[in-house]
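Tertiary structure, described
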Amino acid sequence: MSTPFSRPRARTLVLVAGLISVLSALLVPFAPVNQDKATFSWPVEGSAQPVQLLLYPYQPASLDATFSCATVAEAARRGAERTVVLSTTPDTEEGRGDGLVVETAGSALTISNRGRLLHREQVDAQRTACSWRISSTSTGTTVTLDGRRVAGVDSDARPHVLGVFSTVDGAVRDLDGLSVRVVADTRFQTSPSVWKYGLMALSVIALAVALLALRRADRERGLPVRRLLPERFWRPRAPDYVVGGTVLGWAVIGSLTVDDGYILTMIRAREATGFVGNYYRWFNAPEAPFGYFYELYYALTRISDSLLWMRLPAVGLAITAWLLLSRLVLPRLGGAFARSRWVPWGAAAVFLAWWLPYNNGIRPEPFIVVGTLGVFCAVERVLATRRLLPLAFGVLVAVAAVGITPTGVIAFLPMLVAPRRLLAVLRERSDLRWMPLLSVVAASGLFGLLLMFYDQTFSAVMEATRSRSAIGPSLTWDTEFERYARLLNPIFDEGSLTRRVPVLMLLASLALVSSILLRHKRIHGVATGPAVRLLSVTVLSLGAIAFTPTKWTHHFGAFAGLGVAVVVLGMWALSTPAFRSTRARAAAVCCLMVAFALALSSPNRWWLISAPDGPWTTELPNVFGIQLNTALLVVGVLVALAAVTQAAWRVAHRRPERPTWLPSPALIMVIGCAASVVLQVGTFVVVTEARTNTYSLAKQNVRSVLAQDCGLASALKVEPTPERGILTPLPGEAGRGDVGPFAVNGGYDPEHGPPYLFDKPSTGVPVWGSLVDGDRTTGTATTGWYRVDESLRRGNAPLVLSVAGRLHGGNEIALEFGATSGEEVRPRGRMPVDSPLDGPQWRDVRIDVREAVADADAVRVVATDSSVGAGGWLAFSPPKAPVLVPMPDVVPSTDATIIDWPVAALFPCNRPAALRLGTVEMPHFRIGPAGGYDQLTGMSYSAQGGGPFAPVNALATQQPLPTYLVNDWQREAAVVYRIVPTQHLGLPEAEVHREQVSGIGGPGRLNTPGTDDPMG
């Protein structure tokens, strides 16, 4: 029993603790942080040799360069010869347009910056006792002579810095006063200061006190006490075993999600950067204010960063979401849901049909699923118990969801669909009054600031957000149709069959259930209030994601909670008396058939190499050549026509309505979702079984538990010297054969060849081509016989032929096999060579010849050009048996490597090139995706996208190394590139120290070339 003083005391405690939490949380974004600052100096140990310094972002926080008049005078005395005193970019046209350049030509000194002349004057050879200084910051760039300003720009004109380049070393003896000091932009490489830690701790403690006081106030109010969890919540049921077992099994064999590699590399890169940045674009700006959940995954990588280990949080979240859905949300919709035997099975089918294609990886949507379910349960508990503590916890969960991803805003929506009832509950609490209530709710909401700014400052987050918006994508709400267009486009992996099923079932359920409620005001066996709130939240959520800046279909994964509840509600509604008439049931069946037909209008497509050669992965689902989408559409139309005909006949003959000939729409929905689950699981079981002797995701995951495994790298072999491996001509066959009108060491488009080092005098390896007389040359070329290498016979490598031009439309290339008998070669068979693409580019055709060479030991190439149309030529190389080396022997796991994001999850052992102290580590190799997926990686190499490796391309070239997947030789699973610097460059001296900086202000803007850079 409460005392007369207990309620005022609780009210005061809620108010004071809430206000303390609010004020301290508001100060957290502006609190000082500890920033690692790096200064790089040149010359190095008295040598003015060029050095590399790949700044990222490309401009420094500040730059200070000095040189003496004596150095300039000595350089000028060299006459007309041009001398680069110093430059921050290579001496190329593009480099001169981006960097700071100080040079002499004849007797003229020229200082230019970003392609614009700052100062030019004639050098006085007698004047040596003076010094020049160039300073550049975000506020301006100035040129001074003995402290007197002679030129400058009073705006942000900081040069790009790729290093310090100079030609004075060895040419000029007097280097006194020559120096460059670069302070890198490390604004994001910060950690909380003692002040920030203190404010966060104070806010959390005060919030905990306020919540405890609120809990006491709830109890003293005398409100009914209910169990937090219903009885038998933890008691497993048969559907629980199915859901749990399927999710666990899917973690082992299931598909990659699109961003697994992207996010995993961001987390792995944190070791070097000290914060979770975007890594692949946006200047590696931190993910804040939506980044704290990455820290949870980073903690997991301290144990292992294997794909299976990183999937465990998604497994735990799936089980949590299922328990909330089956134990709390569905029973809240009505007692019939709790008593029904088929509802849990239907819910399990829908849940798995939604979870498996969307939420198997390390994207944030699984967290949002649990968050939205948790907030919905909290709001329903407030309405049922009149207690306020669940409301405060609901706000906490909602802000935690928003702090993960912009899609998390949907977690707030359950609070917006019952405003009058929630306000009524608040008005009833006269014991607390408005100010204490507002303070504790505000404290719960502002807890999100701690998650959003835990290690970044307000100014850093605002600049990161501005830069991301400027670079894009930053799509507006009126382009939301693009999300659905991608879902319904069979070209994209995002529009695969299995991704369509749950979303289309949701839209169909929303339409069907809403029509019943609008017409009948209620659904038999359903609690109208919670059902209406559930529908309202889902509709608002579909509208809310229109305001997210991107329009990818993987955001639909956030609906695997409340969206599943809506579909289950739709199933229940379809089984009620409202759909017992022939007209209503036929309309529902027709609607579902159209929805499933639309879902089946896309292949069973999966990301990258998740399910190669799986059923229907490259074609529409069909049985005996009959496309299932067409079959279902025809069934739907026939059902509609039959229903109309029967209805007309019944009216004409005054017969009672008997819809029993129609199947139950609810059963169709359950079977459809269950079939989607069976197709997904079955696909990966079949693929895993079929690929026991080569790479599969399941093998990678299992081996990561049993032993050290390097994923796809363990199954790849690389051809480090592609010009080797050319088959040896049989004795006397070298130079023999009849190549007809084909040119030797020519006959191809010179802009696209030759392949590797062929056609070079140093190799002595020829190529042949028919591009001799324009496109009019026709004829046949037959090479001499080559000895079949033993590796081809054993199946340790495929036979490889490099081809260019057209291989169709009258042109063809074939391999002829033979068996030697003394000096004679007897034909043993012929195999056509096919390349799916025609074009002037050289490409390798890989051919498995194990069966063909079983009784043959010689091979030759026969090429026929019968095409006289435009581009009708063809060219080819001698056959070869590539000399293959295991990928880890070519690309050591310790070497800095660019691992492009589409394939990054498949190479857990390779070390991503570090982005540290505002610089990019020069990588030795690049691992990229094969095929069309390579087009997705351009942002990492584009300065316009804030890509980290744009500077690398300015100082190095990429040499592709053919890559082969063991026992699946024809499949190009990934591509390895050797990164070759254009010149040997040293490294500058570095000085690193930690400094406490304010949460307000910073070293200027992140200027994106071609986007928002004031200099262009």
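As the structure is a computational prediction, the values presented were derived from the model and not from experiment.

So, how was this worked out
Residues numbered from 1 in each chain as written. Predicted model: local features only at pLDDT ≥ 70, side-chain atom pairs only at ≥ 80, totals over all residues. Heavy atoms only, no water. Helix = DSSP H or I, 4+ residues; strand = E, 2+ residues; numbered from the N terminus. Buried < 20%, exposed > 50% of the residue type's maximum accessible area, 1.4 Å probe, protein only. Areas by Shrake-Rupley, 256 points an atom, 1.4 Å probe, with all protein chains shown as cover. Lys, Arg positive; Asp, Glu negative; His and termini not counted. Charge placed at Lys NZ, Arg CZ, Asp CG, Glu CD. Disulfide = S-S within 2.5 Å. Pairing = 2+ DSSP bridges. Axes fitted to C-alpha atoms, helices over the stretch in contact; angles between N-to-C directions. Salt bridge = Lys/Arg side-chain N within 4 Å of Asp/Glu carboxyl O. Expected span 1.5 Å × (residues − 1). Core = buried A, V, L, I, M, F, W, Y, C linked by side-chain atoms within 4.5 Å. Contact = heavy atoms within 4.5 Å. Parallel < 35°, antiparallel > 145°, perpendicular 65-115°, else oblique. Nonpolar A, V, L, I, M, F, W, Y, C, P; charged D, E, K, R; others polar. Patch = residues over 30% accessible without salt bridge, like charges linked within 9 Å, V, L, I, M, F, W, Y side chains within 5 Å. Phe/Tyr/Trp six-rings, centres within 6.5 Å; stacked < 30°, edge-to-face > 60°. Lys NZ or Arg CZ within 6 Å of the ring centre and 35° of its normal. pLDDT = per-residue confidence, 0-100. Polar contact = N/O pair within 3.5 Å; in protein donor to acceptor, adjacent residues only side chain to side chain.

What the chain contains, in helices and strands, is 26 helices and 37 strands. Each principal axis of the C-alpha atoms in the chain carries an extent, and together these give about 95 × 85 × 55 Å. Residue burial in the chain is summarised as follows: out of 1016 residues, 57% are buried. When the accessible surface of the chain is totalled, it reaches about 41,400 Å², and 59% of it is carbon and sulfur. Separation of charge centres in the chain, based on 93 positive and 80 negative side chains, amounts to 18 Å.

The subject of this paragraph is the state of the cysteines. On inspection of all chains with the given rule, the structure shows 2 disulfides. Bridging C69 to C130, the disulfide has an S-S length of 1.7 Å. Taking the torsion about the S-S bond as the criterion, the C69 to C130 disulfide, at about -115°, is left-handed. Taken together, the residues C69 in helix α2 (residues 69–76) and C130 in the loop between β7 (116–122) and β8 (131–137) connect sequence positions 61 residues apart. Here C69 matches C130 in class, with each residue buried. Put simply, C710 and C909 are joined by a disulfide, and their sulfur atoms are 2.2 Å apart.

Our next topic: the sheet that holds strand β29 (residues 896–899). Pairing is mixed across the open sheet formed by 5 strands, whose spatial order is β30-β29-β33-β36-β34. Because the sheet does not close on itself, it has two edges, and the strands there are β30 (911–912) and β34 (956–961). Direction of pairing for strand β33 (residues 925–929) relative to strand β36 (residues 974–981): antiparallel, over a ladder of 5 bridges. When the bridges of β36 are listed, P929 appears paired with A974.

Of note, G46 is situated in the loop between β1 (33–42) and β2 (51–52). Residue classification places G46 among the exposed residues on the basis of a relative accessible area of 65%. Sequence separation of G46 and S179 is 133 residues, and the distance between their C-alpha atoms is 9.9 Å.

With that settled, consider the sheet that holds strand β5 (residues 100–105). Spatially, the 4 strands line up as an open sheet ordered β4-β5-β6-β7, and their pairing is antiparallel. What marks the edges here is a single partner per strand, and that holds for β4 (82–87) and β7. Taken over all neighbouring pairs, the strand axes of this sheet differ in orientation by 15° on average, direction set aside. Where strand β6 (residues 108–113) and β7 come together, 6 bridges link them in antiparallel fashion. Looking at the pairing, A108 lines up with Q122 of β7.

The next subject is the side chain of T683. Assignment of secondary structure puts T683 in helix α22 (residues 665–690). For T683, a relative accessible area of 0% puts it in the buried group.

The next point concerns the pattern of salt bridges. Working definition: two side chains of opposite charge can pair if their charged atoms are close together. A complete count under the given rule lists 41 salt bridges for this structure. For R703, the salt bridge goes to D709, with nearest N and O atoms at 3.4 Å. Its salt-bridge partner being R926, residue D934 comes within 3.0 Å of it at the nearest N-O pair. Here the salt bridges share partners, and the residues they tie into one network are R82, D91, R96 and E103.

Here we take up helix α10 (residues 342–358). Its 17 residues place the ends of α10 25 Å apart at the C-alpha level, agreeing with the 24 Å of an ideal helix rising 1.5 Å per residue. Extensive coverage of α10 is indicated by the burial of 14 of its 17 residues.

Here we take up the nonpolar core. Counting 230 residues, the largest nonpolar core has L325, F351, M505, L712, M887, L906 and F907 as its most contacted members. Contact partners of F907, with chain neighbours within four places excluded, come to R268, C710, L712, A713, L716, M887, I899, I927 and A974. Counting 37 residues, the second largest nonpolar core, distinct from the first, contains L55, V102, I134 and A151.

Packing of helix α5 (residues 238–253) against helix α23 (residues 697–706) leaves a shortest axis separation of 7 Å and a crossing angle of 100°. When the interaxial angle is binned, α5 and α23 end up roughly perpendicular. Contact residues: α5 offers A251, V252 and I253, while α23 offers L697, A698, N701 and V702. Along the lines of polarity and charge, the residues of the contact of α5 with α23 split into 6 nonpolar, 1 polar and no charged.

Turning our eyes to something else, we now look at the pairing of β5. In terms of burial, β5 is a largely internal element, 5 of the 6 residues being buried. As defined by bridge partners, β4 adjoins β5 across 5 bridges and the pair is classed as antiparallel. For R82, the partnering residue across the bridge sits in β5 and is A105. Hairpin geometry of β5 and β6 is characterised by an intervening segment of 2 residues between the two adjacent antiparallel strands and by a positive phi of about 65° at G106.

On the surface, a cluster of nonpolar side chains totalling about 500 Å² of accessible area is made up of V594, L633, V634, V637, L638 and L641. Counting residues per element, the nonpolar patch draws most heavily on helix α21 (residues 628–653), which supplies 5 residues. Locating L641 in the fold gives a position in helix α21. A relative accessible area of 52% places L641 in the exposed class.

With that out of the way, let us pick up the packing of aromatic side chains. Summed over the entire model, instances satisfying the criterion amount to 31 aromatic pairs. Ring geometry for F351 against W355: centres 5.5 Å apart, planes inclined by 25°, an arrangement best described as stacked. Linking F351 with W355, this pair stays in helix α10, spanning 4 residues, or about one helical turn. Members of the aromatic cluster, connected to one another through ring pairs, are Y262, Y279, Y280, W607, W901, Y933, Y941 and F949. The side chain of R486 reaches across the aromatic face of F492, ending 4.2 Å from its centre. Over the face of the ring belonging to Y964 we find R846, whose NZ or CZ atom lies 3.8 Å from the ring centre.

Looking now at the packing of helix α4 (residues 194–220) against helix α12 (residues 389–402). The relative placement of two packed helices is expressed as an angle between their axes plus a distance between the axes. Between α4 and α12, the least distance of the axes is 9 Å, while the angle of their chain directions is 150°. By the criterion of interaxial angle, the relationship of α4 to α12 is roughly antiparallel. For the pair α4 and α12, the contacting residues are L207, L211, L214, R215 and D218 in the first and L389, A392 and L396 in the second. Residues of the contact of α4 with α12, tallied by class, amount to 6 nonpolar, no polar and 2 charged.

Okay, the environment of D259 next. Position of D259 relative to the elements: it lies in the loop between α5 and α6 (260–273). Sequence spacing of D259 and R363 is 104 residues, and the spatial spacing of their C-alpha atoms is 6.7 Å. Look past the residues within four positions of D259 in its chain and what remains in contact with it is R363, H554 and W901.

With that settled, the discussion passes to α5. The end-to-end C-alpha distance of α5 is 23 Å, a good match for the 22 Å that 16 residues give at a rise of 1.5 Å each. All of the buried residues in α5 are P239, D240, V243, G244, T246, V247, W250, A251 and I253. On its buried face, α5 sits against α8 (307–332), α10, α22 and α23.

Chain-level statistics for the chain give a pLDDT mean of 90 and a share of 95% at 70 or above. Put simply, α21 is where the chain has its lowest mean pLDDT, 80, and β29 is where it has its highest, 97. For the stretch residues 1–5, pLDDT sits under 50, and the model shows 2 contacts to residues farther than four places along the chain or on other chains.

Along the polypeptide, D493 turns up in the loop between α16 (481–487) and α17 (497–520). At 2.8 Å, the side chain of D493 and the side chain of Y933 are in polar contact. Not counting chain neighbours up to four residues away, the residues in contact with D493 comprise R499, R605, W606, W607, L608 and Y933.

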